[in-house]
Amino acid sequence: MGFRLLACLFNLPVAVIYGSLSLFISILHNVFLLYYVDTFVSVYKIDKLSFWIGETVFLIWNSLNDPLFGWLSDRAFLSTQQSGVEISNPEVILKRLKALSQNGPLFAISFLAFWIAWAHPGLQFLICLCLYDSFLTMVDLNQNALLADLAVSAKDRTGLNFYSSLFSAIGSLSVFMSYAVWNKEDFFSFRIFCVVLAFCSAIGFTVATWLLRQRFQTEGRVKWDENAALKELYVDHPSGHQEKRITLAEYLKQLSKHHNFLWFVSMNLIQVFHCHFNSNFFPLFLEHLLSDRISLSMGSFLLGVSYVAPHLNNLYFLSLCRRWGVYAVVRGLFFLKLLLSVIMLLAGPDSVYLLCFFIASNRVFTEGTCKLLNLVVTDLVDEDLVLNRRQQAASALLFGMVALVTKPGQTFAPLIGTWLLCSYTGYDIFQRHPLSNTVSAQPKLAANAAWEPTLRQGCFYLLVFVPITCALLQLLSWSQFTLHGRRLQTVKSQRQTFTEIHSQEIKTI
């Protein structure tokens, strides 16, 4: 029985094993996003100053660690030659898998640090957030980099992304299971649940990376032996030369001339802003636009759909990408976002069923677009390699640079959203009962009754005008992006032939 199971694991396709990495991330990360604030505020009783200090430090570190870890991971790949011997693709993949095998279990352990009080709440909050985000960043960067390193063709990459989305959807079920054990008064059951999740994640990372390493170990060892022999021949050759490694300043200068990269991060910054705007204000929209018109179970259903549906919907989007290309699908989603928002604006806030559909679909389609954009980054990795004639694609570094530019959208979303809501309605989201200091209950109820229609109208305008504005700006940026169609095919063919030509030149010497 054991041998049969082992044989089945060895026969799994690479795409399935790669996709399973998303399962081991999502089962932890969804629970983290849902409960970490409530745990520290309601269970550990963190004070407001410590909370905001921790969040501020976290936001800074969250933006900086992506390019930092990407640079540390990929700086050796930036020069076009190094001792005349190229770094082979199996070696790069093995390096990524080694990083995942080390950081995956550490990511699971850092997840556990949230749910046991072991220090002053303010200090624990700061340390836990930074540690967790560091290991999550290392895991995310290397997993995303593998998407570019394991495959070059659009068909193969969409296949990898398909399984990644499928396993992410399965991982989202941990959110539903967590409801059964979440209890702020009795935290023991939830802690046991988190330990089980972390154990499964750590074992999963270990097994999945081991299986992938077995696939590429033999190929990498053969290539290493070949390169070792070539290196001896090359060093003795009088025309041999060694290029210096590119500095960070030189790399940033190269990126500043990469026009498709600049247009992409401009569009993606808006996309990240819109994704987090929907996440931040989803409960607010449900409360003030639908709470008195739909049942509690319907509200819970809409909330659950918003977590799971983006992953399932992405499976359909990926099938469209295989047929029409990522560029056309993303552009179509921008037009769809604009169209639905205009229809909702014309229909008004009293169309309950249309409002339910719009609130859910707005989040589902926006999150789905975010998940497709990793495929665009892998294409930018190819173009970066071809434009700068690198010896190997700097996948993790480019993903890190994209995150550096776009992650501020996470911070802008709640800030701009609350400012717009407050400026239009006078409603402060941090003061849920602004009239609570009044002595008489009757004036307070009358004031709230008069204030609620204005707040409802403000929430509705925020709901429709933000996606309209985002869609228009994104269509403008996306129209300037040229890495699609014939241009994309040329870049991919050049990447495939560039390494072969470079290898033949070394062998000739």
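Predicted model only: the values in this text are computed from it and were never measured.

Draft legend 1. Quick peek at the environment of Phe 125. Here Phe 125 lies in helix H5 (residues 121-150). On the basis of relative accessibility, which here comes to 0%, the residue Phe 125 falls in the buried class. Put simply, Phe 125 and Ile 53 are 72 residues apart on the chain and 9.6 Å apart in space, counted from C-alpha to C-alpha. Look past the residues within four positions of Phe 125 in its chain and what remains in contact with it is Tyr 36, Phe 40, Ile 46, Ser 50, Phe 51, Gly 54 and Glu 55.

Draft legend 2. Structural detail: the UniProt feature "transmembrane region" (unreviewed entry) in the protein. Sequence positions flagged by UniProt for "transmembrane region" (unreviewed entry) are, in local numbering, residues 12-37, 49-64, 106-132, 160-182, 188-212, 261-282, 294-312 and 324-347. In the segment residues 261-282, helix accounts for 100% and strand for 0%; the C-alpha atoms at its two ends are 31 Å apart. The span residues 324-347 is 96% helical and 0% strand by assignment, and the distance between its end C-alpha atoms comes to 32 Å.

Draft legend 3. Structural context of the side chain of Gln 124. With respect to the secondary-structure elements, Gln 124 resides in helix H5. Assessed through its relative accessible area of 0%, Gln 124 is described here as buried. Among the polar contacts listed, one links the side chain of Gln 124 to the backbone nitrogen of Trp 118, at a separation of 3.2 Å.

Draft legend 4. Spatial organisation of helix H7 (residues 173-181). Buried residues of H7: Ser 174, Val 175 and Ser 178, and no others. The buried residues of H7 all sit within an arc of 100° when viewed along its axis, so they share a single face.

Draft legend 5. The arrangement of the pattern of salt bridges in detail. The tally for this structure, following the rule as stated, stands at ten salt bridges. Among the ionic pairs, Arg 456 bridges to Asp 350, the shortest N-O distance being 3.7 Å. Highlighted residues: Arg 456 in helix H16 (residues 441-479) and Asp 350 in the loop between helix H12 (326-347) and helix H13 (352-388), separated in sequence by 106 residues. Salt-bridge contacts for Asp 382 lead to Lys 492; the nearest nitrogen and oxygen are separated by 3.2 Å. With Asp 382 in helix H13 and Lys 492 in helix H17 (residues 486-508), this residue pair connects regions lying 110 residues apart in the sequence. An identical accessibility class is assigned to Asp 382 and Lys 492; each is buried. Several salt bridges converge on common partners, so that one network encompasses Arg 157, Asp 379, Asp 382 and Lys 492.

Draft legend 6. Representation of the packing of aromatic side chains within the structure. The full count for this structure, using the stated rule, is 35 aromatic pairs. Measuring from ring centre to ring centre gives 6.3 Å for Phe 40 and Phe 114, while their planes differ by 85°; the resulting arrangement is edge-to-face. Here Phe 40, found in helix H2 (residues 14-43), pairs with Phe 114, found in the loop between helix H4 (89-112) and H5; they are 74 residues apart in sequence, far enough to count as distant. Residue classification places Phe 40 among the buried positions, given a relative accessible area of 0%. Under the relative-accessibility criterion, Phe 114 is labelled buried at 0%. Between the aromatic rings of Phe 51 and Trp 52, the centroid separation amounts to 5.7 Å while the plane-to-plane angle is 80°, which identifies the pairing as edge-to-face.

Draft legend 7. Structural context of the environment of Phe 193. Checked against the element boundaries, Phe 193 lands in helix H8 (residues 188-235). Since its relative accessible area comes to 14%, Phe 193 is described here as buried. Each C-alpha atom, one on Phe 193 and one on Met 177, is 9.1 Å from the other, the two residues being 16 residues apart in sequence. Ignoring sequence-local partners within four residues, the contact set of Phe 193 consists of Val 31, Ser 174, Met 177, Ser 178 and Val 181.

Draft legend 8. Quick peek at the environment of Val 352. Along the chain, Val 352 turns up in helix H13. In this structure, the C-alpha to C-alpha distance between Val 352 and Leu 290, residues 62 residues apart in sequence, is 7.3 Å. Aside from chain neighbours lying at most four places away, what touches Val 352 is Leu 290, Arg 293 and Ile 294.

Draft legend 9. Examining H2 more closely. For H2, with 30 residues, the first-to-last C-alpha span of 42 Å sits near the 44 Å given by 1.5 Å per residue. The sharpest bend along H2 reaches about 45° and sits at Tyr 35. In terms of burial, H2 is largely enclosed, as 21 of its 30 residues are buried.

Draft legend 10. Summary view of a nonpolar patch on the surface. Residues Ile 170, Leu 173, Phe 176, Met 177, Tyr 179 and Leu 303 make up a contiguous nonpolar surface patch of roughly 540 Å² in combined accessible area. Counting residues per element, the nonpolar patch draws most heavily on H7, which supplies four residues. Position of Leu 173 among the secondary structure elements: in helix H7. Its relative accessible area of 42% is what places Leu 173 among the partly exposed residues.

The rules behind the values
Residues numbered from 1 in each chain as written. Predicted model: local features only at pLDDT ≥ 70, side-chain atom pairs only at ≥ 80, totals over all residues. Heavy atoms only, no water. Helix = DSSP H or I, 4+ residues; strand = E, 2+ residues; numbered from the N terminus. Buried < 20%, exposed > 50% of the residue type's maximum accessible area, 1.4 Å probe, protein only. Contact = heavy atoms within 4.5 Å. UniProt positions renumbered as here; feature names shortened; annotations may be inferred. Polar contact = N/O pair within 3.5 Å; in protein donor to acceptor, adjacent residues only side chain to side chain. Arc of directions from axis to C-beta. Salt bridge = Lys/Arg side-chain N within 4 Å of Asp/Glu carboxyl O. Phe/Tyr/Trp six-rings, centres within 6.5 Å; stacked < 30°, edge-to-face > 60°. Expected span 1.5 Å × (residues − 1). Bend = angle between axes of the 7 residues up to and from the residue. Patch = residues over 30% accessible without salt bridge, like charges linked within 9 Å, V, L, I, M, F, W, Y side chains within 5 Å. Areas by Shrake-Rupley, 256 points an atom, 1.4 Å probe, with all protein chains shown as cover.

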